[in-house]
Amino acid sequence: MATSPDTYITPRTASESAAGSPAQAPDEAAGGPGREAAPGVARHDVRAVNAKDQRSLYADRIAIHPKRAHGTFRNLKWLVMGLTLGVYYITPWLRWDRGPALPDQAVLIDFEHQRLFFGPMEIWAQEFYYVTGLLILASLALFLVTALAGRVWCGYACPQTVWTDLFVMVERFVQGDRNARLRLQKSPWTADKIWKLGATHAIWLLIALVTGGAFIFYFRDAPTLAQELFNGTAPYVAYLFLGVFTFTTYTLGGLAREQVCIYMCPWPRIQGAMYDDHSLLVSYRAYRGEPRGAHKKDETWEGRGDCIDCKQCVVVCPVGIDIRDGPQLECIQCALCIDACNEIMDKIGRPRNLIAYDTFHNLKAAETGGSVPVKIFRPRTILYMVLLPAVLALMTYGWVNRSELQVNVLRDRNPLFVRLSDGGIRNGYTVKILNKRHDTRTYKLSIEGLPDGAAKPRIDIVGLESAAPGIAVAPDNLRALRVYLSLPAAAVSSLEGEAADLTFVVTDTADGSQTRRNTNFRRPQP
Amino acid sequence: MADKKRIDEVTGFETTGHVWDDDLEELNKPLPKWWLYVLYASIIWAIGYWVLYPAWPLASDYTRGYLGYSQRAVVMEQVAAGKAAQAQFRDAIGKAELAEIQNKPDLLNFALAGGKAAFGDNCAPCHGRGAEGSMGYPNLNDDDWIWGGDLAAIERTIRHGIRSADADTRAGDMPKFGTDKLLEPAQIDDVAEHVLSLSGKASDQEAAIRGAAVFAENCTACHGETGKGNLELGAPNLIDGIWLYGTDKTDIVTSIETGRGGVMPPWHTRLDDVTIKQLAVYVHALGGGQ
């Protein structure tokens, strides 16, 4: 794609190409006064097709019809495609029993109740940092593989690659392989062409629809939503997002394809800064391949390169580039050119891996006959390898110690304290108890840090009889309480300073676990 | 910069002439055509948007768009929907006794939230945002009540006000012992010392003893023999630690001279029943409710 000048310097103006005229301006050689360059030599009224002022500022899209490749990496790509698509389409249908009060979908993003269900895990909206942690893990993993082997993500696992691959497969199934597709593209609009193109686009749309459908299943109970979608009772946002994702899947996978990777996606630009001379990148081994050229039967291989210039590497390329031009930003490193070239090498009896995963260092050394072993452990990969388990450990620690009970204590600021008629002082607090468990729990509230004994502070909770067995909080629920602490006059004068530290202790009566929150008790200036 | 423009030999493209870090250059590649078409499509989209939605400001109005969309109308709908969602709680509060509201956690929460909002709108100018009060305006957080601190008493005070024009208002006037020359200045001074002595703050014991006689004659009818006050008459308790008009002797002398007599308007003419009930529950829950 746009790597050699002749794909860019297009001679045609828009109107000419629309009319399908030949690549040259009309020749009006015939006579006329003053049309002679020299006596007897006619001057042609013609201009260079690529004259600077005739070049378009805008590049035409050149259709790419990748040929089917066979080999290790193609098989690997099929495998990854099967796995990723399988995970994507099947996951919303997996069930997970969480009891009667909660959804039984294994992976569910429940916007209505602000919960993220992931198997046994249940993440509340305010705990979204666990998802942030997952994203950090994912990006570190991405950094690591990119430092080790370049754009592995782009070549194998990126949804853009996977769906494009799937759509090309459909295209190949309906229209045939590259040559048939090229012929079909050039052929006039026959019934056969209309049928084949129509069928291709229809299947694409169907896949896109299923893809969009699978996406919305992550947000609402899949079997219910599937039923609602069919009988027209699903919420309108479900249809909206179904439409949006159908449209984007069809457009990006079916129509835009490599244009997404080249012009829209920022990640390839970032990746350029992530691999180095030690990274294994899909490379053409010029030291072995050059000088290239056609090879005749019984001709010796001495003094020439192994590349027979068959261009198999170009025709299988999903972004339409020539890997032999060196590393370039369009290359998604899908390694299909390796498969294509190896097939040819086998056929002509030359060693495999003329195109292979190799490092810049090794390629350079090989020019002079040397070789550099692959260096997996280098500062940047070691850093990623250390950070990855560190972040994982941190997250696991956080998750294991995650409390099913969350307590917040807010001290009243207006008024800071209340003077009572007996000379005592009272402070007000709002205590919020969040019970993340799936059963009702009863909690006891006590305090530590203020004087005990006769001068013990009194705890009053609004709306709660002092005789009540405790504070009951419904499953998956928050209860806010107004709590008043009153200290008798004698105890107040024994406090030092204007504020005394104290701790609220919330005890779960079921298992005795305690949660503590520090705050203070304020009094007038002594 | 422009002189750095050159044809890149590897790709055959012209460079833009921009150079960074000595040798980092930029190819001047053509834009893909689809990109241009997307630009045109967004322009058309924008025109469609102008037609359908409010877009252009005019001198005194704006183009309202074919769909007639208005964020204001959306907000009003949401407010109406919010009110409708509150209706069941408001109905329940309207029917319930005040004590019942306190015993039902969901009603209590609703009443506290509604009471807090209503308090901020109507009561805070005098009593303060935290109901902390100020000189002459009682602190509603404490446990000292002039007219009673149980739910019914609080509700009645809110409903009918204090020394207001309402027929059922709380009324109880302290005579203006100084202004109306009911007592001599020296007597007033003695009574003030006696009142201070009730909470152990007197500085002149002799004057306090002299004042006790004057107190027994003029004040006990309302404030009681011990000075404990009388909720029925709104006569404040004089022996506790809370003073509405200040603890200095001059404050007390002024109280005796002028009789004070703060005023609170009746609220049943301005607030509906449900709001008054919410306010009563809220004030009761501020900490001093009895």
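Predicted model, so just to flag it, every value in this text is computed and none were measured. (Residues numbered from 1 in each chain as written. Chains lettered and ligands numbered in written order. Predicted model: local features only at pLDDT ≥ 70, side-chain atom pairs only at ≥ 80, totals over all residues.)

Examining the interface of chain A and chain B
Working step 1: Residue-level contacts link 27 residues of chain A with 27 residues of chain B.
Working step 2: A breakdown of the residues in the side of chain A that touches chain B according to their chemical character gives twelve nonpolar, nine polar and six charged.
Working step 3: Bridge count between strand β3 (residues 58–59) of chain A and strand β3 (residues 31–32) of chain B: two bridges; the pairing is parallel. In the strand pairing of β3(B), A59(A) is matched with P32(B). (Contact = placed C-beta atoms within 7 Å. Nonpolar A, V, L, I, M, F, W, Y, C, P; charged D, E, K, R; others polar. Pairing = 2+ DSSP bridges. Helix = DSSP H or I, 4+ residues; strand = E, 2+ residues; numbered from the N terminus.)

Things to note about the domain arrangement of chain A
Working step 1: In terms of domains, chain A is made up of domain 1 (5–54), domain 2 (72–131 + 158–270) and domain 3 (405–522).
Working step 2: If you average the C-alpha positions of domain 2 of chain A and of domain 3 of chain A, the two centres end up 52 Å apart. (Domains from an automatic or database assignment.)

Here we look at the domain arrangement of chain B
All names here are of chain B.
Working step 1: For chain B, the assigned domains are domain 1 (2–52), domain 2 (83–159 + 265–284) and domain 3 (174–258).
Working step 2: For domain 2 versus domain 3, the separation of C-alpha centres amounts to 32 Å.
Working step 3: Every contact between the two is made by nine residues of domain 2 and, on the other side, nine residues of domain 3.
Working step 4: Partitioned by chemical class, the residues of the side of domain 2 that touches domain 3 number five nonpolar, two polar and two charged.

Thoughts on the pairing of strand β16 (residues 499–508) of chain A
Residues and elements named next belong to chain A.
Working step 1: Judged from the six bridges that link them, strand β12 (residues 441–448) and β16 form a sheet pairing that is antiparallel. Looking across to β16, one finds that E448 is bridged to T503.
Working step 2: Inspection of the sheet shows β16 paired to strand β17 (residues 514–522) by nine bridges, in the antiparallel sense. Its bridge partner lying in β17, A499 is registered against R522.
Working step 3: Counting the residues in the hairpin turn of β16 and β17 gives five residues, including G512, whose phi is positive at 75°.

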